[in-house]
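Listed below, chain by chain, are the residues.
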Amino acid sequence: MRRYVAINPADQSLSVERDTVPQPAAGELLIEVCAAGLNRADLLQRAGHYPPPEDASPIMGLEVSGRVAAIGAGVEGWAVGDRVCALTHGGGYADWALAPASQSLPVPASIDLEAAAGLPEALFTVWHNLFQRARLQAGERVLIHGGASGIGTLAIQACRALGADVYSTAGSAEKCAALEALGATRAFNYREEDFEQALAGLGLANRIEVILDMVGGDFIQKNFNVAAPEARLVSIAFIRGFKAEVNFAPLLFKRLTFTGSTLRAQSFAQKAVMKEEILQHLYPHLDSGALRPVIDRVFPLEEVDAAQQWMQGGTHTGKILLRM
Ligand SMILES: NC(=O)c1ccc[n+]([C@@H]2O[C@H](COP(=O)([O-])OP(=O)(O)OC[C@H]3O[C@@H](n4cnc5c(N)ncnc54)[C@H](OP(=O)(O)O)[C@@H]3O)[C@@H](O)[C@H]2O)c1
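Residues numbered from 1 in each chain as written. Predicted model: local features only at pLDDT ≥ 70, side-chain atom pairs only at ≥ 80, totals over all residues.

Some words on the overall build of the protein
- Within the protein, the secondary structure is distributed over 10 helices and 15 strands.
- A globule of 324 residues ought to have a C-alpha radius of gyration of about 20 Å, and the protein, at 20 Å, matches this closely.
- Its C-alpha atoms give the protein principal-axis dimensions of roughly 60 × 45 × 35 Å.
- Across the 324 residues in the protein, those meeting the buried criterion constitute 46%.
- Put simply, of all contacts in the protein between residues at least 6 apart along the chain, 64% involve residues at least 24 apart. (Helix = DSSP H or I, 4+ residues; strand = E, 2+ residues; numbered from the N terminus. Rg over C-alpha atoms; globule rule 2.2 N^0.38 Å. Buried ≥ 20, exposed ≤ 12 C-beta atoms within 10 Å, placed from the backbone. Contact = placed C-beta atoms within 7 Å.)

Take a look at the structure:
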């Protein structure tokens, strides 16, 4: 039997239920799950604001780590028992999960199998937005908002490993110190200093070439202001709000590119391309130890409600996991 987390539609409460273990279709792996990563999207899905795509599992959970338990038709390169971490098509909050093989990655020997549950969503999101969309190059300056998030902690390390000069923002002095320890040249506590003024104080007014933003709201204008000529600005969320009054003049005068994306809405084929590029460009840094998942806390599956409340509380740095 499989244990999985169900959402009660009447009051959005969570419970651990049981059903039969699913079998992999063509192109899929069945994974005996070691751990699942929490994502902010799970909180939205639970509240009914982020319905899963029609062909996806209705069970929460976008990423897992574990061991390959069965292999669907047409899948090559995997053996039963292999250590794997994967972007699921939903269904990660369970002790058995399916994932497209094209979104499944080997877990390097240097990475703990449980901690690897914190990798897939961040690897795909960071690679797609910073490197495919924003085309970040070695030697460029990058500003990463929400640096203490699961996405931010991996983004800082990846940008640093690939030769960028990294700046970040977070909501406390402790978080900023952690981000500088991960490789940020400077992290700004947005509750105490204005990042636009702080960058100007460092002689970096108009000198940020790439910005990864999940904050939005009043950060949008400041992003336009700190951007260098030809800078690329990528939005992946709008935690402070989708609406803002913005003076767009810098877009013209500095020839900026302003873009954004969601990972889940992209096709299996697009994610397969991301996987190949992640293996080529980021895996050497996982193997060397320059890149690692930052794990804040691990909760047992039965404490899934407490785990989501911990994420909602916002004091974490890095990923929150569910242990099966
Ligand atoms: N578009 C995509 O494809 C995609 C994919 C994955 C994730 N995301 C988004 O990326 C974000 C990070 O995801 P996650 O799962 O890693 O979540 P997470 O760990 O909960 O991170 C959210 C971060 O937002 C910061 N934050 C919260 N309120 C803020 C505010 N008012 N002003 C500034 N910062 C604030 C928090 O840090 P502080 O304490 O520093 O405020 C926290 O580190 C989420 O918004 C998620 O929805 C998007």
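Text resumes after the structure shown.
Describing the site of the ligand
- Taken together, 25 residues lie near the ligand, and Ser 149, Gly 150, Gly 171, Ala 237 and Leu 263 sit nearest.
- If you list the elements that add at least two residues to the shell around the ligand, you get helix H1 (40–46), helix H2 (120–133) and helix H3 (150–161).
- For the shell around the ligand, a count of residues per class yields 12 nonpolar, nine polar and four charged.
- Here the shell around the ligand gathers at least three residues from each of two domains, domain 1 (2–118 + 293–323) and domain 2 (123–260). (Near = placed C-beta within 6 Å. Nonpolar A, V, L, I, M, F, W, Y, C, P; charged D, E, K, R; others polar. Domains from an automatic or database assignment.)

Things to note about the sheet that holds strand E13 (residues 257–260)
- Pairing in this open sheet of six strands is parallel, and the strands run E10-E9-E8-E11-E12-E13 from one edge to the other. The open sheet terminates on both sides in strands that have one partner only, identified here as strand E10 (186–189) and E13. Averaged over all pairs of adjacent strands, the angle between strand axes in this sheet comes to 15°, irrespective of strand direction.
- Here strand E11 (residues 208–213) pairs with strand E12 (residues 227–235) via five bridges, running parallel. Note on E12: the bridge partner recorded for Val 210 is Arg 232.
- Sheet strands in contact with H2 are E11, E12 and E13, and its direction is about 155° off that of E11. (Pairing = 2+ DSSP bridges. Axes fitted to C-alpha atoms, helices over the stretch in contact; angles between N-to-C directions.)

Focus on the environment of Tyr 93
- By the element assignment, Tyr 93 lies in the loop between strand E5 (83–87) and strand E6 (96–100).
- Looking at Tyr 93, the number of C-beta atoms within 10 Å reads 29, which means it is buried.
- The spatial distance from the C-alpha of Tyr 93 to the C-alpha of Arg 292 is 22 Å, given a sequence separation of 199 residues.
- Contact partners of Tyr 93, with chain neighbours within four places excluded, come to Tyr 4, Val 5, Ala 36, Ile 59, Met 60, Gly 61, Val 304 and Leu 322.

Considering the environment of Gln 137
- Relative to the assigned elements, Gln 137 resides in the loop between H2 and strand E8 (141–144).
- Given 13 C-beta atoms within a 10 Å radius, Gln 137 is considered partly exposed.
- For the pair Gln 137 and Gln 270, spaced 133 residues apart in sequence, the C-alpha to C-alpha distance is 21 Å.

Quick look at the domain arrangement of the protein
- Under the domain assignment, the protein is made up of domain 1 (2–118 + 293–323) and domain 2 (123–260).
- Computed from C-alpha atoms alone, the centre-to-centre distance between domain 1 and domain 2 is 28 Å.
- Tallying the contact residues gives seven residues for domain 1 and seven residues for domain 2.
- Of the residues that constitute the side of domain 1 that touches domain 2, the class distribution is three nonpolar, three polar and one charged.

Quick look at the packing of H2 against helix H8 (residues 268–281)
- In contact at an axis separation of 10 Å, H2 and H8 are set at 90° when each is read in the N-to-C sense. When the axis of H2 is compared with that of H8, the two are roughly perpendicular. Along its contact with H2, which presents Leu 123, Phe 124, Trp 127 and His 128, the element H8 presents Lys 271, Met 274, Glu 277 and Ile 278.
- In terms of residue class, the contact of H2 with H8 is made up of five nonpolar, one polar and two charged. (Parallel < 35°, antiparallel > 145°, perpendicular 65-115°, else oblique.)

Notes on helix H10 (residues 304–313)
- Of all the residues in H10, the buried ones are Val 304, Ala 307, Gln 308 and Met 311. Viewed end-on, H10 has its buried residues packed into an arc of 95°, placing them on one side of the element. More than 90 degrees from the buried face of H10, the exposed residues found are Ala 306, Gln 309, Gln 312 and Gly 313.
- Where the residues of H10 are buried, they touch strand E1 (2–7), strand E2 (14–19), H1, strand E14 (295–300) and strand E15 (319–323).
- Positive backbone phi, at 80°, marks Gly 314, one or two positions downstream of H10. (Arc of directions from axis to C-beta.)

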